[in-house]
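Take a look at the letters that make up each chain.
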Amino acid sequence: MLPRGRPRALGAAALLLLLLLIGFLLFDGRPPAAGALDGDPSADRGGHNHSDCVPPPPPLPRCELLHVAIVCAGHNSSRDLVTLVKSVLFYRKNPLHFHLVTDAVARNILEMLFYTWMVPAVRVSFYDAEELKPQVSWIPNKHYSGLYGLMKLVLPAALPPDLARVIVLDTDVTFASDIAELWALFAHFSDEQVIGLVENQSDWYLGNLWRNHRPWPALGRGFNTGVILLRLDRLRQASWGQMWKLTATRELLTLPATSLADQDIFNAIIKEHPGLVQPLPCIWNVQLSDHTLAERCYSEASDLKVIHWNSPKKLRVKNKHVGYFRNLHLTFLEYDGNLLRRELFGCPSPPPSGAEQVQRALAHLDEEDACFEFRQQQLTVHRVHLTFLPHEPPFPQPHDVTLVAQLSMDRLQMLEALCRHWPGPMSLALYLTDAEAQQFLRYVEASAVLSARQNVAYHVVYREGPLYPVNQLRNVALAQSLTPYVFLSDIDFLPAYSLYDYLRASIEQLKLGSERKAALVVPAFETLHYRFRFPSSKAELLALLDSGSLYTFRYHEWPRGHAPTDYARWREAQTPYRVQWAADYEPYVVVPRDCPRYDPRFVGFGWNKVAHIVELDAQEYELLVLPEAFTIHLPHAPSLDISRFRSSPTYRDCLQVLKDEFHQDLSRHYGAAALKYLTALQPPRGSAPPRGW
């Protein structure tokens, strides 16, 4: 029999063991560093700024507006920002206000993108980076981000003075959690703390990476500025602008430049004023740099909140878990952004600009209407990402011409040949899904021909709806043309090798513009052969025409579409000649950039170009056929819309309804002058639809 006191002693030992085990689990198997519990941000003996031991954040007030600031410049950074925003929107449950510091390129892209995205409970404000450059341009910086990498330093002065708190993000981060959880960490700031940062997950600031490595001063391993919580109100009270400038000036007396842009200056300030920083848990900025120690931060990938691709190699960085991180990033890169247009139920907010009008129009549609699909497609607002790839605007020339066209994924193979035929600027609208946009990006990068061209602007219009919005695509490409004149073409046509130079010379000789209002007709031909020798001159083209290797366009299926060009006269013509408009005429033309836009009601197949030529004629454009110009259509499989047109009487009936409505609008707009169109455009009774129309 055991003495009575023995069980009590065993119980105490077991209790002590249990407490030790709980403590071990709480600290993830590591003993807490001195000062980790009392908020002291000083580094421990191993150079770590501990931030693991943070009490659970209080719940956020429901529907609190969260503010996020991002610096973004250029085409590539804009694409990165879109992926970041997708990951934030996927998890978010709160209204968001994005504050974007941008250059002119990024602003042009992102203003259009957010306007057409129409995400509920999201506001966007823009700030001109050019205006901020003088504040940081005096700082030598070796980082690849250039001056834009220093602009986070001036955010307290640049953002609205009544904005008290903001999350600041680099464009190369991906969220794997609700951003509200990060915002909630503001609650842990002491009265003195103004900046929340995660420890730098490399040995960079310890200064031992290579011989003569001399980093900027930092507290232990320092902190990474890819994810920042800023108390803007306190920073302004503390004269932040004066503080960082004095620190940078002092350090630059002995250091030649910043190596890590704003991060070096933030760390130098924290080294001098350690009480300003609130260390954040490492899972809020898992850094995948070349020499990352991020694996020490996490035990399982599911613990992570934010992934930071802070290596110049980005997704090609070496890391044993990079496959998991890359897949997480690719999930959002290829995610359908249309699915993020979801309401925040329970959080009332004003609708995005234009959304209410669209919703009202959609609500009035009759789903039993046989043409409901057409009506719905006309009202669809497509997300538009302008200049998806880097693009150099053409040097201004008074007679320059941009080739304008649209395409979908199944016509990508036409791009290389088109670039060989047309050396001038092009504005192309591509109708793609988010995943297809990434395939397109890889396609261009892998092509020596396409990647070498900087004067081709690719504008991605994201796919939504069952019908091809052909005229909406044309209008996007047309609106983004930057030259005085445009050649309105289609992607399955190859222009004559000399056409670009010939068009510019013709525009000058004919004195188009203020002296003459004209549309220059480029005669269209077609081959039924997938392989043929492209003619280098009009004489060679006529020889191919006579031998049966070429035909006038749609000669077998829809001759009236191009018959008014008068190909017999063109064979002998030496000078431009005028032709008259006729019903169903749809030539390819060169017109001033400010010409009438295409009628967006025409979606799918049929009458989309015809209606535009009617509009040009109604506005009294001369139709002048150029004697040495030509373009040739290459064979391809029929599109889905053509197949539906040919097989579905309902489809053709709906197209006739659209034509009738177009006629009515012509009458209202042009009055008696529209009578000739109403008479000429009436289809003959009992006539069958043309196969190629």
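Residues numbered from 1 in each chain as written. Predicted model: local features only at pLDDT ≥ 70, side-chain atom pairs only at ≥ 80, totals over all residues. Heavy atoms only, no water.

- Within an unreviewed UniProt entry, the label attached to the chain reads LARGE xylosyl- and glucuronyltransferase 2, and the organism entered is Neovison vison.
- What UniProt states about the chain under its Cofactor (unreviewed entry) heading is, verbatim, "Mn(2+)".
- Quoted verbatim from the Pathway (unreviewed entry) field of UniProt, the annotation for the chain is "Protein modification; protein glycosylation." (UniProt positions renumbered as here; feature names shortened; annotations may be inferred.)

Here's the deal with the pairing of strand 17 (residues 518–522)
On any regular strand, side chains alternate: one points to one face of the sheet, the next to the other face.
So, step 1. For strand 17, the buried fraction is high: five of the five residues fall into the buried class.
So, step 2. Where burial is concerned, the two faces of strand 17 agree: the one with A518, L520 and V522 and the one with A519 and V521 are both buried.
So, step 3. One ladder, built from four bridges, connects strand 17 with strand 22 (residues 622–625); its direction is parallel. The residue bridging L520 from the neighbouring strand is L624, located in strand 22.
So, step 4. Sheet analysis places strand 17 next to strand 21 (residues 588–592), joined by three bridges and oriented antiparallel. Within the sheet, the bridge partner assigned to V522 lies in strand 21 and is Y588. (Buried < 20%, exposed > 50% of the residue type's maximum accessible area, 1.4 Å probe, protein only. Helix = DSSP H or I, 4+ residues; strand = E, 2+ residues; numbered from the N terminus. Pairing = 2+ DSSP bridges.)

Focus: the side chain of D262
So, step 1. Topologically, D262 is positioned in helix 9 (residues 262–272).
So, step 2. What makes D262 buried here is its relative accessible area of 4%.

Observations regarding the packing of aromatic side chains
To describe a pair of aromatic rings, one takes the distance between the centres and the angle between the planes.
So, step 1. For the coordinates displayed, the defined rule picks out 27 aromatic pairs.
So, step 2. When the centroid spacing of 6.1 Å and the interplanar angle of 35° are considered together, the rings of F98 and F114 count as tilted. Of this pair, F98 sits in strand 2 (residues 96–102) while F114 sits in helix 3 (residues 104–117), and the two are 16 residues apart along the sequence. By the burial criterion, F98 is buried, and F114 matches it.
So, step 3. Their ring planes at 50° and their centres at 5.8 Å tell us that F602 and W607 sit as a pair that is tilted. In this pair, the class of F602 matches that of W607, namely buried.
So, step 4. Among the aromatic residues, ring-to-ring pairing joins F90, Y91, F332 and Y335 into one connected group.
So, step 5. One residue, R383, lies across the ring of Y462, its end atom 4.0 Å from the ring centre. (Phe/Tyr/Trp six-rings, centres within 6.5 Å; stacked < 30°, edge-to-face > 60°. Lys NZ or Arg CZ within 6 Å of the ring centre and 35° of its normal.)

Some details on the state of the cysteines
A covalent bond between the sulfur atoms of two cysteines is what we call a disulfide.
So, step 1. One pass over the structure, following the stated rule, counts three disulfides.
So, step 2. The side chain of C63 participates in a disulfide bridge whose partner is C347; the two sulfur atoms lie 2.1 Å from each other. With the S-S dihedral at roughly -90°, the linkage between C63 and C347 falls on the left-handed side. Taken together, the residues span a long stretch of sequence, with C63 in the loop between helix 1 (5–26) and strand 1 (66–72) and C347 in the loop between helix 10 (322–333) and helix 11 (355–363) at a distance of 284 residues. (Disulfide = S-S within 2.5 Å.)

Some words on unusual backbone geometry
So, step 1. The phi dihedral of C63 is positive, around 70°, even though this residue is not glycine.
So, step 2. Among the residues examined, C63 registers a relative accessible area of 23% and is labelled partly exposed.
So, step 3. Although it is not a glycine, T387 adopts a positive phi angle of roughly 35°.
So, step 4. Examined against the element boundaries, T387 turns out to sit in the loop between strand 11 (384–385) and strand 12 (401–408).

Examining the nonpolar core
So, step 1. Counting 113 residues, the largest nonpolar core has F440 and F487 as its most contacted members.
So, step 2. If one sorts the elements of this core by residue count, helix 22 (residues 649–670) sits on top with seven residues.
So, step 3. Membership of the second largest hydrophobic core comes to 54 residues, among which are V119, I179, F186 and F325. (Core = buried A, V, L, I, M, F, W, Y, C linked by side-chain atoms within 4.5 Å.)

What to know about the sheet that holds strand 10 (residues 306–308)
So, step 1. Spatial ordering of the open sheet is given by 5-10-9, a layout of three strands whose pairing is mixed. Where the open sheet ends on each side, the last strands, each with one partner, are strand 5 (173–175) and strand 9 (286–287).

Let's talk about the sheet that holds strand 1
So, step 1. In space, the seven strands of this open sheet follow the order 3-2-1-4-7-6-8, with mixed pairing throughout. In this open sheet, the two edge strands, each paired with only one partner strand, are strand 3 (122–128) and strand 8 (277–279). Put simply, the sheet's adjacent strands are angled 25° from each other on average, direction ignored.
So, step 2. Note that strand 2 and strand 3 share seven bridges and pair parallel. In the strand pairing of strand 3, V101 is matched with Y127.
So, step 3. Each of strand 1, strand 2 and strand 3 is contacted by helix 3, which is oriented at about 155° to strand 2, the strand it contacts most.
So, step 4. In the packing of helix 9 onto the sheet, the strands contacted are strand 6 (195–199), strand 7 (223–231) and strand 8, and the crossing angle to strand 7 comes to about 65°. (Axes fitted to C-alpha atoms, helices over the stretch in contact; angles between N-to-C directions. Contact = heavy atoms within 4.5 Å.)

What about the confidence of the model for the chain?
So, step 1. Chain-level pLDDT for the chain is 87 on average; 88% of the residues reach the 70-or-more range.
So, step 2. Note on residues 1–46: pLDDT under 50 across the span, and 27 contacts to partners over four residues away in sequence or across chains.
So, step 3. The low-confidence segment residues 685–693 (pLDDT under 50) makes 18 contacts with residues lying over four places distant or belonging to another chain. (pLDDT = per-residue confidence, 0-100.)

Overview of the pattern of salt bridges
So, step 1. Taken as a whole and judged by the stated rule, the model has 32 salt bridges.
So, step 2. The closest approach of N and O atoms between D170 and K152, which form a salt bridge, is 2.6 Å. Here the residue D170 occupies a position in the loop between strand 4 (165–169) and strand 5, and K152 occupies one in the loop between helix 4 (129–136) and helix 5 (155–158), the gap between them amounting to 18 residues.
So, step 3. What makes K152 buried here is its relative accessible area of 6%.
So, step 4. Two residues, R601 and D665, come together in a salt bridge whose shortest N-O distance is 2.6 Å. (Salt bridge = Lys/Arg side-chain N within 4 Å of Asp/Glu carboxyl O.)

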